[in-house]
Protein chains: 2
Amino acid sequence: MSQSPSWSEYSARRIAEAGLRRSIPRRRVIDLLAERDCAVTALEIDAELDGVGRATVYRAIEQLEDLGLVRKVDLGASAHGYEKVEPSGHHHHHIVCDDCGKVEPFEDEALEEAIHHIRRKGFSLESHEVTLHGHCAECR
Amino acid sequence: MSQSPSWSEYSARRIAEAGLRRSIPRRRVIDLLAERDCAVTALEIDAELDGVGRATVYRAIEQLEDLGLVRKVDLGASAHGYEKVEPSGHHHHHIVCDDCGKVEPFEDEALEEAIHHIRRKGFSLESHEVTLHGHCAECR
DNA sequence: AGAATTACTGAGAACAAGTCTCAATAAGGC
DNA sequence: GCCTTATTGAGACTTGTTCTCAGTAATTCT
């Protein structure tokens with residue numbers, strides 16, 4: 001399943017190292033993010049995890065984001081999406097259908113290459129986000 | 001001033017051609033967008049244009065977006081930004097400071113080149129959005 | 001020009017996403 | 001087990017965006 005076999009464990013450890021407790025609700029948020037390979041919104045997580053409060057979902061995401069374990073992606077929808085960050089640095093970007101909102105991940109080596117050559121005076125660059133917009137087969 | 005001398009006029013014409021009326025409030029939204037070279041939020045426009053209702057601002061933006069005269073940009077902030085689309089196709093992308101939220105535009109020819117080589121089965125690509133994240137000089 | 005038609009508008013209600021508050025609960029240390 | 005303190009869930013609140021509707025103004029008709 002081309003799974004990250006350990007992002008979940010890795011994150012749990014990083015959370016512990018940051019001095020945070022091993023609570024069950026937070027762990028459930030981590031596990032849900034672990035099994036998703038593309039963006040999920042906070043409200044989707046909240047809806048999927050019965051018994052975990054919305055505030056807890058948002059808090060957990062924020063902590064994971066601060067630790068660099070999760071990244072926020074803006075795909076033009078009303079809500080933000082979140083996806084795990086692989087420790088390897090391996091990542092993908094997104095193609096969005098502007099008609100139906102369908103999202104597909106993609107990877108492109110030449111694109112990454114071009115981005116890594118960009119330098120900006122007065123800025124230290126750390127990450128990047130690329131979104132391609134278009135129309136999917138069904139909508140055309 | 002490297003201004004678009006005519007985006008405002010061009011847009012007014014396109015609006016008319018689309019069968020919409022030449023109303024003063026919509027024209028004021030167009031003129032404000034015309035004089036800004038980087039992203040503005042709907043609420044900033046609303047705040048700046050006294051006497052123009054919020055609903056009118058959102059409606060005007062939507063119409064301009066539908067006609068391809070304005071593009072939405074998501075910069076990680078709570079509100080979306082909007083910026084004019086030059087008929088020439090000339091455009092820029094954004095660098096965001098993840099600490100203070102400062103946004104700077106940038107252009108990169110090699111990046112555009114790499115993006116235009118991307119093809120995706122089942123998708124017709126029409127536009128793209130690149131956001132670089134990092135930390136600005138003041139925040140480091 | 002004046003009347004008729006109908007798009008457009010502003011105020012504010014409604015809604016949606018995300019944040020904050022606070023009393024109750026549960027981890028981890030002793 | 002007891003104590004300390006991080007964490008939690010419910011729900012109030014805030015912010016951004018959309019919707020509603022009666023009044024206004026741009027166009028068209030005559």
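Residues numbered from 1 in each chain as written. Chains lettered and ligands numbered in written order. Predicted model: local features only at pLDDT ≥ 70, side-chain atom pairs only at ≥ 80, totals over all residues. Heavy atoms only, no water.

**Structural notes on the relation of the copies chain A and chain B**
Next, step 1: Turning chain A through 180° and shifting it by 0.1 Å along the axis lays it on chain B, with an RMSD of 0.1 Å. Both chain copies can therefore be described as sitting about a two-fold axis. Across chain A, the smallest distance between a C-alpha and the rotation axis is recorded for valine 130 of chain A, namely 2.3 Å.
Next, step 2: The residues that chain A uses at the interface reappear at the interface of chain B in 100% of cases, marking a shared surface. (Least-squares fit on C-alpha atoms with pLDDT ≥ 70 in both. Contact = heavy atoms within 4.5 Å.)

**Considerations on the interface of chain A and chain B**
Next, step 1: Contacts between chain A and chain B engage 37 residues on the former and 37 residues on the latter.
Next, step 2: Across the interface of chain A and chain B, roughly 3,000 Å² is buried in total on both sides, 58% from carbon and sulfur atoms.
Next, step 3: Looking at the side of chain A facing chain B, the largest losses of area belong to Ile118, Phe123 and His133 of chain A, adding up to 20% of the total buried there.
Next, step 4: Summed over the shared surface of chain A and chain B, the result is two salt bridges.
Next, step 5: Of the charged contacts in the structure, one is a salt bridge between glutamate 104 of chain B and arginine 120 of chain A, with a shortest N-O distance of 2.7 Å.
Next, step 6: Broken down by class, the residue content of the side of chain A that touches chain B amounts to 18 nonpolar, 10 polar and nine charged.
Next, step 7: Taken together, the 13 bridges between strand E6 (residues 123-136) of chain A and strand E6 (residues 123-136) of chain B define a ladder with antiparallel strand orientation. Pairing of serine 124 of chain A across the sheet is with histidine 135 of chain B, part of E6 of chain B. (Buried area = accessible area lost by both parts, 1.4 Å probe. Salt bridge = Lys/Arg side-chain N within 4 Å of Asp/Glu carboxyl O. Nonpolar A, V, L, I, M, F, W, Y, C, P; charged D, E, K, R; others polar. Pairing = 2+ DSSP bridges. Helix = DSSP H or I, 4+ residues; strand = E, 2+ residues; numbered from the N terminus.)

**Let's talk about the domain arrangement of chain A**
Residue and element names in this part refer to chain A.
Next, step 1: Split into domains, chain A comes out as domain 1 (7-84) and domain 2 (93-139).
Next, step 2: Placing the centre of domain 1 and that of domain 2 at their C-alpha centroids yields a distance of 22 Å.
Next, step 3: Each partner contributes to the interface: domain 1 provides six residues, whereas domain 2 provides six residues.
Next, step 4: For domain 1, the biggest contributors to the area lost against domain 2 are Cys38, Asp74 and Leu75; these three give 69% of the whole.
Next, step 5: Applying the counting rule to domain 1 against domain 2 returns zero salt bridges.
Next, step 6: At the junction of domain 1 and domain 2, the tally comes to two residue pairs in polar contact (both at pLDDT 80 or more).
Next, step 7: Residues that form the side of domain 1 that touches domain 2 fall into these classes: three nonpolar, no polar and three charged. (Domains from an automatic or database assignment. Polar contact = N/O pair within 3.5 Å; in protein donor to acceptor, adjacent residues only side chain to side chain.)

**Looking at the protein's contact with DNA strand C**
Next, step 1: Looking at DNA strand C, there are 22 residues lining it, with Arg22 and Tyr58 of chain A together with Ser23, Gly51 and Thr56 of chain B nearest.
Next, step 2: Sugar and phosphate atoms constitute 63% of the interface atoms of DNA strand C, taking the interface as everything within 4 Å of the protein.
Next, step 3: With respect to DNA strand C, the backbone of histidine 80 of chain A contributes an N or O atom lying 3.3 Å from a phosphate oxygen.
Next, step 4: One of the side-chain nitrogen or oxygen atoms of serine 23 of chain B is found 2.5 Å away from a phosphate oxygen of DNA strand C.
Next, step 5: Only helix H4 (54-66) of chain A together with helix H2 (24-35) and helix H4 (54-66) of chain B provide two or more residues apiece to the surface near DNA strand C.
Next, step 6: Top contributing element to the surface near DNA strand C by residue count: H4 of chain A, with four residues.
Next, step 7: Looking at side-chain class alone, the surface near DNA strand C contains nine nonpolar, six polar and seven charged residues. (Near = heavy atom within 4 Å.)

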